[in-house]
Amino acid sequence: MVKSKEEHQKTVTHAPKTGADLLIESLIVADVKTLFGYPGGAVLPIFDALYKKKHLFNQVLARHEQGSIHAAEGYARVSGKPGVVIATSGPGATNLVTGIADAMIDSLPLVVFTGQVNQTVIGTDAFQEADIIGITTPITKHNYQVRKISDLPRIVKEAFHIATTGRPGPVLIDIPKDIAANPCADHYPDDFHLPGYQPTVKPNPLQVKKLKEALLSSNKPVILAGAGVQFAQASEELIAFAEQHQIPVVNTLLGLGTFPGEHELFLGMGGMHGTYAANMAIYETDLLINIGARFDDRLTGNLDHFAPSAIVAHIDIDPAEIGKNVNTHIPVVGDAKYALKEMKKQINQTPDFGNWRQHVYQYKQDYPLWYKQPEQAMIGQWVIDKVYQETKGEAIVSTDVGQHQMWSAQYYKFKKPNRWVTSGGLGTMGFGFPSAIGAQLAAPDDLVIAIVGDGGFQMTLQELSILQERNLPVKVIIVNNAALGMVRQWQEKFYSERYSESIFSIQPDFVKLAEAYEVRGVKIESPNDFEQQLPDLLAHDGPVLIDARVLQQENVYPMIAPGKGIHEMIGVKP
Amino acid sequence: MKRIITAKVSNRSGVLNRITGLLQKRQFNIESISVGRTEHEGTSRITFVVDVEDYQKLEQVTKQLNKQIDVLKVSDITDKAIVARELALIKITSNAQLRSEIQGIIEPFRASVIDVSKDTLSIQVTGKSEKVEALIDLLRPYGIKDIARTGVTAFLRGQQPQASQDATPFSLLR
Ligand SMILES: Cc1ncc(C[n+]2csc(CCOP(=O)(O)OP(=O)(O)O)c2C)c(N)n1
């Protein structure tokens, strides 16, 4: 049973006995309700303390720590709240590394607790000792090892603050077993002071004024909106700004959903597998307004051809992103919501960008996304398009990494933010299914669909256990091409069809596998069957696994080949 | 180009590891790094000499350093009026006959002999890096057995020139 915040916090008893009790209290104070934990020797005291308070938490036991942390990421992406993970020392902690790196590069707020061996043996290569602080320093926003019990409440509070403010990110707290097990006083201070961490939230109005002036003398502006808009909950402000001034909008992969996919001003996703219209708009624009995107290389392509004639304005809460990859003329450091508010305040009248709009709309019309669905067999693009049509862009969609991910980004046109869960920066196979579990926990009443490849699904499919156990109605759709499709595509195009280790010679029977976990499983091979069965399967009130057999040789188009510029897309027409 | 960057940091565990790790991960070349406590309890000053290609890279170094939670303040002081010093200990081969000759060499550098053995002589010198280099070059012919250098440590002079920094670039390391 999960209680309201007040009720939840009232249950804090004022007689903690051990460091572990103190830790659990700190979690209650931080209003944590969902926990993704996996026990082990070094965290036995913590799990024991949790046992006493288990009525206060929704605890989810994944079957691999990687599953725990990807679930926590999905939870964070959809709820906007920090995902909380607990794992044991050594292998438990190292099993989290991929997820931590993933959360770091995609700016997801996580607070990760790892057990550590007793302080007396740290540094002696003790049983299940790993230097997780050393290992995770480059992939955490911050990390701590607790050395004194009295520091624990402050550290936990700092960790939640750091993870969720400024540019969000993962924070790890390493807790030696003796700290958790030893008795401690009733109460320790939890107030903190972080003089070196003061994120700039409100933008400098003078910088916004420069943006205004640039907009007033622009003829061809375009907005590039990234995940920063979602973290700032600034989607409404973004839509209002774009509509007021009638400026076309491009999304990054992770920004999808911050602008409605069917909006007239929307040009689609930019970058390697973006739309021709989005990329040409960036190529031709004279004023690129980047709001909360980090100019990742999958977006920019060859930097020499990226927005070559544009004045670049970049709004970002992380000043280190500004000017990192792309030369920026108008830096605006701040939260996207505050920036858009300030823009609304300062910018009233702008020129008519009608000609420019007509120009880019023409690209949209002349170069739409395309695929050719054969009569007898299914292809991935079509499958995802059908899912989109059936759910009207309202489902929460998580994906794994590969072709199906790019097709989902292309064909699933989100109406709203916080409904798109994908691993962008790290491109982590194995992410899609567990992250859907986290998403479903964050939004229990919503339809959650995990669109995965047959390759990536096999990296974390053991989490099927949780679906039945927690009665989570996640719908898994395997876009099954019997290959590591994206690798196969690159080998076809850039390695003269030398398919090195990218085609599976055997496949498990995914339906039987689902059934083994008491999940309803269905194999579908024909477009007819798919169309007929999809509505029922999505409406089923429990978990479903659909093994959708698709043609292997399909490629993701259009595409910017490696090293090429954003204007040099291939496969733009059938 | 070589730049002198100072960072004030909270003395929390792991801070040095985090900083050197980030410089390494982002491929910034560190010439030298020196660390010590400051006048405020709980804070240290790190002085880096970094070799960066251009101003964009330089900006990245300072921004990435600033981003660390335990870093309080980062300044590129290369173009300011600063005092920058380094200490070097130099052990050379020497015998009784050579001692006075060496004395004559090191005197203008205001260096001093801090240890003597039958066939070695240890010299301590402080100053700008160029001065230290110059002395080492002069001593080289005698046979250098060992060198220990602290790396540059630096801070701003008490008074900064009124003119803007760009008008009178004052750079120790050019
Ligand atoms: C952990 C991990 N290992 C390897 C890769 C490299 N990789 C990127 S896409 C891909 C193929 C994915 O195949 P599948 O899951 O079947 O999806 P598809 O591309 O066929 O849709 C591979 C191997 C990766 N992104 N992540």
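Along each chain, numbering runs from 1 in the same order as the chain's sequence is written. For naming, the first written chain is A and the first written ligand is 1, with later ones following in the order written. For a predicted model such as this one, the threshold for reporting local features is a pLDDT of at least 70, and the threshold for listing and counting side-chain atom pairs is 80 or more; totals across whole chains, interfaces and linings nevertheless cover every residue. With hydrogens and water set aside, each side-chain value is computed from the structure's full complement of heavy atoms.

**Regarding the side chain of A:Thr391**
Within the secondary structure, A:Thr391 is located in helix 17 (residues 380-391). In this description, contact between two residues means that some pair of their heavy atoms is separated by no more than 4.5 Å. What A:Thr391 contacts, discounting residues up to four positions off in sequence, is A:Tyr412, A:Leu447, A:Ile449 and A:Leu538. Only DSSP runs of H or I with at least four residues qualify as helices, and only runs of E with at least two residues qualify as strands; both kinds are numbered from the N terminus onward.

**As for the UniProt feature "domain: Thiamine pyrophosphate enzyme TPP-binding" (unreviewed entry) in chain A**
UniProt positions are given in the numbering used here, feature names are shortened, and annotations may be inferred rather than shown by experiment. Within the UniProt annotation, "domain: Thiamine pyrophosphate enzyme TPP-binding" (unreviewed entry) is assigned to residues 400-547 of chain A. Helix makes up 43% of residues 400-547 of chain A and strand 16%. Its end C-alpha atoms lie 15 Å apart.

**Structural notes on the domain arrangement of chain A**
Residues and elements named next belong to chain A. Splitting chain A by domain gives domain 1 (15-181), domain 2 (205-366) and domain 3 (380-556). Counting from both sides, the interface comprises 16 residues of domain 2 and, opposite them, 19 residues of domain 3. Buried area is calculated as the accessible area (1.4 Å probe) missing from two parts once they are joined, with the contributions of both summed. Of the roughly 1,400 Å² buried between domain 2 and domain 3, counting both surfaces, carbon and sulfur atoms make up 63%. Salt bridges are counted wherever a side-chain nitrogen of Lys or Arg sits within 4 Å of a carboxyl oxygen of Asp or Glu. Counting the contacts that link domain 2 with domain 3 gives zero salt bridges. For each domain, the first and last residues come from an automatic or database assignment.

**Regarding the interface of chain B and chain A**
A common way to express how large an interface is: the accessible area buried when the components associate. At the junction of the two partners, chain B supplies 18 residues and chain A supplies 25 residues. For the pair chain B and chain A, the summed buried area comes to about 1,600 Å², and 45% of that belongs to carbon and sulfur atoms. The largest contributions to the chain B side of the interface with chain A come from B:Arg12, B:Arg18 and B:Ile69, which together make up 42% of the buried area. Across the contact surface, chain B and chain A share two salt bridges. A salt bridge links B:Arg12 to A:Glu158, with the nearest nitrogen and oxygen atoms 3.1 Å apart. In protein, a polar contact requires one atom able to donate a hydrogen and another able to accept it; more generally it is a pair of N or O atoms within 3.5 Å, and residues adjacent in sequence count only if both atoms are side-chain atoms. Counting every contact that joins chain B to chain A gives 11 residue pairs in polar contact (both at pLDDT 80 or more). Of all the secondary structure elements, the ones that give two or more residues to the side of chain B that touches chain A are helix 1 (15-25), helix 2 (55-67) and strand 4 (71-76) of chain B. At seven residues, helix 2 of chain B tops the list of elements feeding residues into the side of chain B that touches chain A. Lys, Arg, Asp and Glu make up the charged group, whereas Ala, Val, Leu, Ile, Met, Phe, Trp, Tyr, Cys and Pro make up the nonpolar group; the residues left over, Gly among them, are polar. Its residues placed into classes, the side of chain B that touches chain A shows three nonpolar, seven polar and eight charged.

**A closer look at the domain arrangement of chain B**
Residue and element names in this part refer to chain B. Here chain B is partitioned into domain 1 (2-81 + 157-173) and domain 2 (85-153). Summarising the inter-unit geometry, the C-alpha centres of domain 1 and domain 2 are found 29 Å apart. Counting from both sides, the interface comprises seven residues of domain 1 and, opposite them, six residues of domain 2. A combined buried area of about 570 Å² lies between domain 1 and domain 2, and 57% of that area is made up of carbon and sulfur atoms. At the boundary of domain 1 with domain 2, the tally comes to zero salt bridges. Inspection of the domain 1/domain 2 interface yields three residue pairs in polar contact (both at pLDDT 80 or more). Of all the secondary structure elements, the ones that give two or more residues to the side of domain 1 that touches domain 2 are strand 2 (29-37) and strand 3 (43-51). Tallying contributions element by element places strand 2 first for the side of domain 1 that touches domain 2, with three residues. Across the side of domain 1 that touches domain 2, the residue classes break down as four nonpolar, three polar and no charged.

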